[in-house]
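Structural description and commentary
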Amino acid sequence: MKVLLVDDSASVRHHLIELLSTLPGVEIFEAAQASEARHAIRSRRPDVVVLDIHMPRGSGIEVLEALRADDPRPTTIMLTNDPTPQSRAACFRIGADFFFDKTAEFQQAVDVIARLAQAAPQPDL
Amino acid sequence: MKVMSLPRVPGVRTARKLLVGFGIGLAFIALCSVAGLLALTKLNAIVRHLAIDPVPGAAAIARFAKDFNQYRVLEASSPVVEESRDTSLVLKATDIERDLKAYDDTITQDDDRRQFTGLVALWARYAVLHGATAAQKASDEIDALLITMIEWNRLEGVRSIRKADAATRAASATVVSMLVAALLLCALALHFNRTVERPMNALAETAHSVALGNLNVRATVDGPLEVATVARELNEMLDAHARADVEARTLNAALEESREQLRGFTAGLLLAREEERTTIAREIHDTVGQTLTALKMDVAWIRRRLSDDTPATVDKLAAMVTLIDDTVVTVRRIATELRPGVLDDLGLAAAVEWQAQEFEHRTGIHCVLCASVDDGALDPLMSTAVFRIFQESLTNVARHSRASHVAVTLEHVDSDLVLEVRDDGIGIVPADASSVRSIGLAGMRERAQLVGGGFSISGAAGAGTTVRVRVPCRQKANR
């Protein structure tokens, strides 16, 4: 299962990779900004996209909106440090599948990815 | 304004001159009229007299002379019948007596009376001396006296004609004098019209134009001293006013320029402040916030690798997590207060909604929002202005209104975006609403004006306060 991590903080990406790399069958790649994320989505077709919202030069919501027309659409997990009810509602309205507080709920995001990886068909070896 | 002092030219005042001129003219006409009336009365008497009897004595004396001659002829004739001649003489003598009586009635002068008395005496003597030698002498004397009297009466006629001529001349002179006086008065009136009335009318017209608001006109400095002085002073006043007007316009232009600079400065200041807040908020989010997140992830990593049989260490880690969470809350609050991310990520309506909820949660004042706008493409400057005014309004509600409910509407009206914040508090006093000393209200008004919008605040005692902001719905530039 291919997981794309989109976050402008290298430190956060590093820690998330650490957490996710223990999961079997998960291939992780990363993007530091919105445009980079859109490019990676088009070129590598991830199964799961973990999206930060506040990023320089474009927000995670813009990436989410760009994903609307994709078919099949990757599972999107919003992971933000600005978890207002408005952001949550807006993200779900646009098509996000999960919404987590980056500091308080990152473990839940990891757990969701773990479950998705378990359920995903294993690639032929 | 400078007080103008114009030198006075010494001289007789025009009005007095005119008064004297008219007085002399009128007196002259009055005198001429009296003289003319007298002359005409006299002429009338002479003409009337001449019309009745041009030379009355001359006719009577001529008849006397004729009758006297006939009397003498009768007397000298040789009558056929003596008695008949006597009768004729008596009749002729009667005629002569009648002639004398007629002449007597015409006498007006003493020398004429003397002559007449002499004639009567001579006639009486002649009649008495009838036929005697002495009668011839009386007859000669009568002839001589008749010549004198006839000549006297002729001369009297000539004198009458001369008197009539003199009276006619006097009347003519009077009429001519009156004509001259009338002409002089006409000339005086014309002079008055040219030198006084026209300049005064022109001055009056100029003053009227000034009264109607045309301050560019100038009076013609002309006419008598007083009128010219007034015209000059009026012109000086108008010039002074024009100079003051130019100065006022210059000052106004400078003031407007200064206001414009101040407005630009304020706009720049607000923009810089907003940019600074955004930068700091982002920095806090990107560095402190992300670092705390990473720290918490590290703590979680350690906790996973820590066995439960080291309770002191586990407790310490739990305390660290709590500390990190508290710090994250604080950091997020600071960053959000500086610049709420929801405004940049989701737009004005979402930011207003978030702020309203946050306000309700913080103050306990019930807040109802009705937002029916699509503000996704709204210019960030507009969004920021409206959002900051909204924040300030809520701050005022919390601080001053003593309200329990706030109703917020955000809607499109025509091509504008309108935000209304209405509370049910004590209501702002009109004097406070229009006060220039309220920094908060001034800032809200300034923010609205800077984006080409309008701001109003109104209230009534016990009926709450309403803040209304209206901004043009400018779309953000495509990037």
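In the block above lies the structure referred to throughout.
Residues numbered from 1 in each chain as written. Chains lettered and ligands numbered in written order. Predicted model: local features only at pLDDT ≥ 70, side-chain atom pairs only at ≥ 80, totals over all residues. Heavy atoms only, no water.

**Brief notes about the sheet that holds strand β5 (residues 98-101) of chain A**
The strands making up a sheet are joined through hydrogen bonds of the backbone, oriented either antiparallel or parallel. Residue and element names in this part refer to chain A. With parallel pairing, five strands are arranged side by side in an open sheet as β2-β1-β3-β4-β5. Two strands in the sheet have a free side with no partner beyond their single neighbour: β2 (27-31) and β5. Neighbour-to-neighbour, the strand axes of the sheet open up by a mean angle of 20 degrees, direction not taken into account. With four bridges connecting them, strand β1 (residues 2-6) and strand β3 (residues 48-51) associate as parallel partners. Looking at β3, one finds that Leu 5 is bridged to Val 50. Packed on one face of the sheet, helix α3 (residues 60-67) meets β3 and β4 (75-80) and runs near 170 degrees to β4. (Pairing = 2+ DSSP bridges. Helix = DSSP H or I, 4+ residues; strand = E, 2+ residues; numbered from the N terminus. Axes fitted to C-alpha atoms, helices over the stretch in contact; angles between N-to-C directions. Contact = heavy atoms within 4.5 Å.)

**Some details on unusual backbone geometry**
A positive phi angle is found at A:Arg57, which is not glycine, with a value near 55 degrees. For A:Arg57, a relative accessible area of 63% translates into the label exposed. One non-glycine residue, B:Asp414, lies in the positive phi region at around 55 degrees. Within the secondary structure, B:Asp414 sits in the loop between β2 (405-413) and β3 (416-423). (Buried < 20%, exposed > 50% of the residue type's maximum accessible area, 1.4 Å probe, protein only.)

**What to know about the packing of aromatic side chains**
Centre distance and the angle of the planes are the two values used to describe a pair of aromatic rings. Under the criterion given, the structure shown has nine aromatic pairs over all chains. Their ring planes at 55 degrees and their centres at 6.4 Å tell us that A:Phe92 and A:Phe99 sit as a pair that is tilted. Aromatic pair B:Tyr71 and B:Trp123: ring centres 5.2 Å apart, planes at 75 degrees, arrangement edge-to-face. Residue B:Tyr71 is located in helix α2 (residues 56-76), and its partner B:Trp123 is located in helix α4 (residues 110-128); the two are separated by 52 residues in the primary sequence. The pair formed by B:Tyr71 and B:Trp123 is uniform in burial state, with each residue classed as buried. One aromatic cluster is present, built from ring pairs that chain together B:Phe64, B:Phe68, B:Tyr71, B:Trp123 and B:Tyr126. The ring centre of A:Phe29 lies 4.2 Å from the NZ or CZ of A:Arg44, which sits over that ring. A cation over an aromatic ring shows up here: B:Arg159 above the ring of B:Trp152, its NZ or CZ 5.7 Å from the ring centre. (Phe/Tyr/Trp six-rings, centres within 6.5 Å; stacked < 30°, edge-to-face > 60°. Lys NZ or Arg CZ within 6 Å of the ring centre and 35° of its normal.)

**Points about the nonpolar core**
Residues and elements named next belong to chain B. By size, the foremost hydrophobic cluster in this structure holds 63 residues, and its most contacted members are Leu 348, Val 406 and Phe 455. Those residues in contact with Phe 455 that sit more than four places away from it in its chain are Ile 389, Leu 441, Met 444, Arg 445, Ala 448, Val 467, Arg 468 and Val 469. Judged by nonpolar contacts, the second largest core, of 24 residues, contains Ala 65, Ile 96, Ile 107 and Trp 123. (Core = buried A, V, L, I, M, F, W, Y, C linked by side-chain atoms within 4.5 Å.)

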